[in-house]
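# Observations on the model geometry
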Amino acid sequence: MWRQVLSRTVFTCFVLAVSALGFALSYWQVERLQWKTALLANIDRIEAADPWEEALDLTAPEEFATGTITGRFLDVPAIRIAPRMWRDQLGAHALTPFQTECCVIWVNRGWVPDFWVEQDRAEGQITLAGTLQSPDVNTMFTPENYPTQGLWYWTDITDMNASIELADDQVVGMVFNLKGQKPEQTTTFPDPVAVDAVRPHNRHLAYAIFWAVMGVVVLVMGGMRLIASFKGEMDNPSDTQPH
């Protein structure tokens, strides 16, 4: 008898714990949903702003902030982050360091085809308009970069700095996605229109529903199991009596 009581108690605690975990994860996803909704609304507001209206403060960079920076491109070859698709064509994003009054920032100048040869880059002081964004995040599916071979698959600012002997403390830890420049670019490529800011996904409502449903399912199935157990004892009371 005591073994059945102990077994039922352990099972009940397990069901309640798993169900509570599901509800806790669901509540956490609701909080994440509220945060992500506010973040996306802020991104929409920032991206809708005229990038030429305000100069960016690179000493306190804010992701997705839109505005202008003034300076000059450093005289180094562009780093090509590949592969990048644009209109069903394979190519790369061309990134070049840009020296401003306070610091250096890597500028994603846009998409270029594989056959692109850099020429007629703007010289001297120019003003760029665009949006700040955090660099790529390397995942288990992303190949490693090989800087010495000129093979770049993701934006590793530390390695990019080292490849042209820039100190990390001189460089902003974000990428500036170019939207336009003055004087205007005279060449077709790089094409800044082909570079869109990567917006974070907002799937937290689906995750919240999933975990809430899992919590309910575990609770219901556990309850049904306990009811069946009690019913079995009532139908066969002799099984619970000590022999």
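All of the points below concern the structure found in this document. (Residues numbered from 1 in each chain as written. Predicted model: local features only at pLDDT ≥ 70, side-chain atom pairs only at ≥ 80, totals over all residues. Heavy atoms only, no water.)

This paragraph deals with the layout of surface pockets. Roughly 290 Å³ of internal volume is contained in the second largest pocket. Considering the residues around the second largest pocket, the lining is formed by 15 residues, among which Glu-54, Leu-56, Glu-62, Ala-65 and Thr-66 are closest to the centre. Residues that form the lining of the second largest pocket fall into these classes: eight nonpolar, one polar and six charged. (1 Å grid on protein atoms, 1.4 Å probe; cavity = no way out; pocket = protein on both sides within 12 Å on 5 of 7 lines; lining within 4 Å. Points joined across faces, edges and corners; volume = space filled by probe spheres on them. Nonpolar A, V, L, I, M, F, W, Y, C, P; charged D, E, K, R; others polar.)

Another point: the nonpolar core. Formed by 16 residues in total, the largest nonpolar core has its most connected members in Ile-69, Ile-105, Val-107, Leu-128 and Phe-176. Here the element with the most residues in this core is strand β6 (residues 171–182); it accounts for four residues. Apart from residues lying up to four places away in sequence, Ile-105 is in contact with Leu-58, Ile-69, Thr-96, Pro-97, Phe-98, Leu-132, Val-172, Met-174 and Phe-176. If you look at the next biggest cluster of nonpolar residues, it comprises 13 residues, including Val-76, Val-104, Ile-157 and Val-175. (Core = buried A, V, L, I, M, F, W, Y, C linked by side-chain atoms within 4.5 Å. Buried < 20%, exposed > 50% of the residue type's maximum accessible area, 1.4 Å probe, protein only. Helix = DSSP H or I, 4+ residues; strand = E, 2+ residues; numbered from the N terminus. Contact = heavy atoms within 4.5 Å.)

Quick look at the pattern of salt bridges now. Oppositely charged side chains may form a pair once their charged atoms are brought near each other. Applying the stated criterion across every chain, the model contains two salt bridges. One salt bridge connects Asp-136 with Arg-84, and the closest N-O pair in it is separated by 3.2 Å. Here Arg-84 lies in strand β2 (residues 79–86) and Asp-136 lies in the loop between β5 (126–133) and α2 (157–163), a separation of 52 residues in the sequence. With its nearest N and O atoms 2.8 Å apart, the salt bridge here joins Arg-109 to Glu-118. Given a relative accessible area of 5%, Arg-109 falls into the buried group. (Salt bridge = Lys/Arg side-chain N within 4 Å of Asp/Glu carboxyl O.)

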